[in-house]
Amino acid sequence: MNNRLKNALLVIPIYGVVAFIMGYIIEGKPVWNLVLSSVIAGFLISVFIWPHMEKKRLEKERKTQTRLEDN
């Protein structure tokens with residue numbers, strides 16, 4: 001199992017539980033549309049957005065490291 005899937009399996013329940021609790025606190029009952037949309041958002045963030053941001057950050061660090069080595 002790759003890291004993206006492992007991260008997704010850890011993040012998805014957290015987003016769902018937080019949405020469930022917030023919906024229960026605010027509305028007095030669970031808001032299932034909020035829970036479902038939060039689970040989907042957690043999946044998209046953990047599988048697509050975070051790895052993309054990490055890749056960009058690593059590229060930037062490599063560029064600055066090569067600049068420092070050149071000087």
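Q: An account of the environment of S46 is needed here, citing residue identities and associated values.
A: Of note, S46 is situated in helix α2 (residues 32–70). Taking relative accessible area as the criterion, S46 reaches 1% and is therefore assigned buried. The contact partners of S46, leaving out residues within four places of it in the chain, are R4, N7, A8, V11 and P51. At 2.9 Å, the side chain of S46 and the backbone oxygen of G42 are in polar contact. Within the structure, the side chain of S46 is placed 3.3 Å from the backbone oxygen of F43, a separation counted as a polar contact.

Q: Go over a nonpolar patch on the surface with me, naming the residues and quoting the values.
A: A surface patch of nonpolar side chains, about 980 Å² in accessible area, is lined by I14, V17, V18, F20, I21, M22, I25, I26, W32 and L34. Ranked by residues supplied to the nonpolar patch, first place goes to helix α1 (residues 3–27) with eight residues. Note that I26 resides in helix α1. On the accessibility criterion, I26 (61% relative accessible area) is exposed.

Q: An account of α2 is requested, with residue identities and associated values reported.
A: For α2, with 39 residues, the first-to-last C-alpha span of 55 Å sits near the 57 Å given by 1.5 Å per residue. At I45, α2 shows its maximal bend, which comes to roughly 40°.

Q: If you had to explain the packing of aromatic side chains to someone new, which residues and values would you point to?
A: For the coordinates displayed, the defined rule picks out three aromatic pairs. Ring plane angle 45° and centroid distance 5.5 Å describe the contact between F20 and W32, whose orientation is recorded as tilted. Taken together, the residues F20 in helix α1 and W32 in helix α2 connect sequence positions 12 residues apart. Relative accessible area serves as the criterion here: at 32%, F20 is assigned to the partly exposed category. Aromatic pair F43 and F48: ring centres 6.4 Å apart, planes at 90°, arrangement edge-to-face. An aromatic cluster is built from F20, Y24 and W32, whose rings are joined through pairwise contacts.

Calculation notes
- Residues numbered from 1 in each chain as written.
- Predicted model: local features only at pLDDT ≥ 70, side-chain atom pairs only at ≥ 80, totals over all residues.
- Heavy atoms only, no water.
- Helix = DSSP H or I, 4+ residues; strand = E, 2+ residues; numbered from the N terminus.
- Buried < 20%, exposed > 50% of the residue type's maximum accessible area, 1.4 Å probe, protein only.
- Contact = heavy atoms within 4.5 Å.
- Polar contact = N/O pair within 3.5 Å; in protein donor to acceptor, adjacent residues only side chain to side chain.
- Patch = residues over 30% accessible without salt bridge, like charges linked within 9 Å, V, L, I, M, F, W, Y side chains within 5 Å.
- Areas by Shrake-Rupley, 256 points an atom, 1.4 Å probe, with all protein chains shown as cover.
- Salt bridge = Lys/Arg side-chain N within 4 Å of Asp/Glu carboxyl O.
- Expected span 1.5 Å × (residues − 1).
- Bend = angle between axes of the 7 residues up to and from the residue.
- Phe/Tyr/Trp six-rings, centres within 6.5 Å; stacked < 30°, edge-to-face > 60°.

That is the geometry; function is a separate question.
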